[in-house]
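Coordinate analysis (summary)
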Amino acid sequence: MSRVFHIACPEGDLFAAAGEVTGRLRRAGFMTYWVGGAARDLYMQRTPADVDMVTVARPDEVKRIFPDAEMVGACFGVVLVKHRNQVFEIATCREERAYGDGRRPDEVKFTDDFVLDLQRRDFTCNAMLYDPAGEQLIDYLNGVNDIDNSILRVVGCPRERFQEDHLRLFRAVRFASKLGFELEEECQAALREMAGATAVLAAERVRQELENMLTGADPVRALELLKNSGLLKVWLPEVDALAGVEQYKKYHPEGDVWQHTLLMFQNARKPLDAALAWSILLHDIGKKPTFSCGEDNIPHFYCHEQVGADMVKDIAGRLRFSGAMADTVEHAVRNHMRFASVCNMRTAKLRRLLAEADFVMELELHRLDCLSSNQLMGTWEFLQARLQSFNSTALPEPLITGRDLIALGLTPGAEFKTILNAVMDAQLEGVLQDKASAIEWVIEKFDIKK
Ligand code: ATP
Ligand code: MG
């Protein structure tokens, strides 16, 4: 039995283009609907980010109608069609059978029965059809009911469906946190039972799911679900271990390191940028291994930022971060304590700090760190004011270069860097303003014989 709801098709380029693609397939005799996130979001009065379609046309038939279609996953029935600068994923209506490895189906069988296609989908809210021409939402699996009750329900038996494809455990957490839904009870139980089985998944797919959650609407909820289900312990044991790591109440009235980390996510502006999200998550992971309690009976975490940064390297490798992301997060973690001393920094050092590529992100990490602990915002205010006092934080053109040193009769070598850095420092301090005085300064300071 299906239920049908009238829902107006939204205006805009994406939906106009999607309607044309659907119309062309239908006129060629192939029934086609919008499906998945698009149908769900339309019912929830959200704006879909993209429009995925399901059609009875086989991949080669889609290709005949759209000759430029990319046959990215033609063997399991998915092609990409570009129309009016929008890209649509068009899936051939299919059943999936026998997932031997917990990752992908062994067999895909095309069908003309849309209900069979909906039954292979993950959650009831993601298993509805939308007909843009008739402006009708068609619901066979009670997705609307679950959405009305804010429940994320697996299509079919959660244990079986999670067994087929272990990535669905992460998708469950992601959709629950994104949509603000409760996980249906059996789904919760299956998550806890099967978290360990996800270890076979490809790390980059899990990292992408985690990143989507951390940069999504409610990273705190996602982290709590990951922790309670046991998924966090499997994939990020270093973060899981932060619960129960007590801190000095005077500086951390909010609680242990886990609570502090969650509070930073709570206080962050959403959606978070991925590098900042990972930096928040990992900034204090060094606190667990460096915990010590001195005679003063106060918890200390000496060098936790260095230890934590080394742990980040390990995690970044394990979760297959891009090289750039790994470097950015490691740098943010390694340096997150230096903010404490900025107010006493010499101008040159401060200017170099402000000119660093990721300074703005690291400053935001610092703001959230303070806001989510002792709430002493003085350093952040000082840096924010300095940041705004410069038109550009980039370092100025150097007054002299290696060529000038060669002209002075010096031979290129390691000393060049020392000299040029010293000149730049003096320039930043306002001691040197022009090339001639810079050259004189070098001759005198480095005792160069003319
Ligand atoms: P989003 O708004 O995040 O894009 P979405 O629902 O569109 O959400 P996609 O990952 O784009 O999610 O997938 C599109 C649809 O394909 C899903 O709604 C779901 O019906 C189906 N789907 C995707 N991945 C799976 C999976 N691993 N198992 C079962 N069905 C899936
Ligand atoms: Mg989608």
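The rules behind the values
- Residues numbered from 1 in each chain as written.
- Chains lettered and ligands numbered in written order.
- Predicted model: local features only at pLDDT ≥ 70, side-chain atom pairs only at ≥ 80, totals over all residues.
- Heavy atoms only, no water.
- Pairing = 2+ DSSP bridges.
- Helix = DSSP H or I, 4+ residues; strand = E, 2+ residues; numbered from the N terminus.
- Axes fitted to C-alpha atoms, helices over the stretch in contact; angles between N-to-C directions.
- Contact = heavy atoms within 4.5 Å.
- Buried < 20%, exposed > 50% of the residue type's maximum accessible area, 1.4 Å probe, protein only.
- Near = heavy atom within 4 Å.
- Polar contact = N/O pair within 3.5 Å; in protein donor to acceptor, adjacent residues only side chain to side chain.
- Areas by Shrake-Rupley, 256 points an atom, 1.4 Å probe, with all protein chains shown as cover.
- Nonpolar A, V, L, I, M, F, W, Y, C, P; charged D, E, K, R; others polar.
- Phe/Tyr/Trp six-rings, centres within 6.5 Å; stacked < 30°, edge-to-face > 60°.
- Lys NZ or Arg CZ within 6 Å of the ring centre and 35° of its normal.
- Core = buried A, V, L, I, M, F, W, Y, C linked by side-chain atoms within 4.5 Å.

Looking now at the sheet that holds strand S3 (residues 52-55). Spatial ordering of the open sheet is given by S1-S10-S9-S2-S3-S6-S5-S4, a layout of eight strands whose pairing is mixed. Looking along the sheet, the strands with just one partner apiece sit at the ends: strand S1 (3-6) and strand S4 (70-73). The sheet shows a mean angle of 35° between the axes of neighbouring strands, taken without regard to direction. In this sheet, strand S6 (residues 86-92) lies alongside S3 in parallel orientation, the contact comprising four bridges. Paired with Thr55 across the two strands is Thr92, which belongs to S6. Across the sheet, helix H1 (residues 13-27) lies against strand S2 (32-35), S3, strand S5 (78-83), S6 and strand S9 (129-131), angled at about 40° from S6, the strand it touches most.

Right, let's talk about helix H10 (residues 219-229) for a bit. The element H10 is largely enclosed, with a buried count of eight among its 11 residues. At the C-terminal side of H10, Gly230 shows a positive phi close to 95°.

Arg40, Asn126, Asp165, Arg168 and Arg171 are the nearest of the 14 residues found near ligand 1. Taking Arg121, its side chain carries an N or O atom lying 3.1 Å from an oxygen atom of ligand 1. With respect to ligand 1, the side chain of Arg171 contributes an N or O atom lying 2.9 Å from an oxygen atom. Here ligand 1 loses 78% of its free accessible area of 590 Å² to cover by the protein chains. Looking at which element gives the most residues to the shell around ligand 1, the answer is helix H7 (residues 167-179), with five residues. Across the shell around ligand 1, the residue classes break down as one nonpolar, three polar and 10 charged.

This next bit is on helix H13 (residues 257-267). Taken residue by residue, H13 has Val257, Trp258, His260, Thr261, Leu262, Met264 and Phe265 as its buried positions. Here H13 starts with a cap whose side-chain oxygen sits 3.1 Å from the backbone nitrogen of Trp258, and that cap is Asp256.

To continue, consider the packing of aromatic side chains. As enumerated under the stated definition, the model contains 10 aromatic pairs in all. Summarising the aromatic geometry, the rings of Tyr33 and Phe114 are spaced 4.9 Å apart at their centres and angled 85° between planes, so their arrangement reads as edge-to-face. Of this pair, Tyr33 sits in strand S2 while Phe114 sits in helix H4 (residues 114-119); the two residues are 81 residues apart in sequence, bridging distant segments of the chain. The exposure class of Tyr33 is buried, given its relative accessible area of 12%. Residue class for Phe114 comes out buried when judged on its relative accessible area of 10%. When the centroid spacing of 6.3 Å and the interplanar angle of 80° are considered together, the rings of Phe170 and Trp235 count as edge-to-face. On the criterion of sequence distance, the pair formed by Phe170 in helix H7 and Trp235 in helix H11 (residues 231-235) is long-range, its members being 65 residues apart. There is no split in this pair, since Phe170 and Trp235 are both buried. Between the NZ or CZ atom of Lys227 and the centre of the ring of Trp258, over which it lies, the distance is 5.7 Å. Positioned over the ring face of Phe301 is Lys287, at 4.8 Å from the centre of the ring.

Turning to the nonpolar core, a few remarks are in order. Counting 112 residues, the largest nonpolar core has Trp278 and Leu282 as the members making the most contacts within it. The residues contacting Trp278, other than those within four sequence positions of it, are Arg207, Leu210, Glu211, Leu214, Leu236, Leu319, Phe321, Met325 and Val329. In this structure, Ile400, Leu405, Leu408 and Leu432 belong to the second largest nonpolar core, which totals 14 residues.

Spatial relationships are all this shows, so hold off on functional conclusions.
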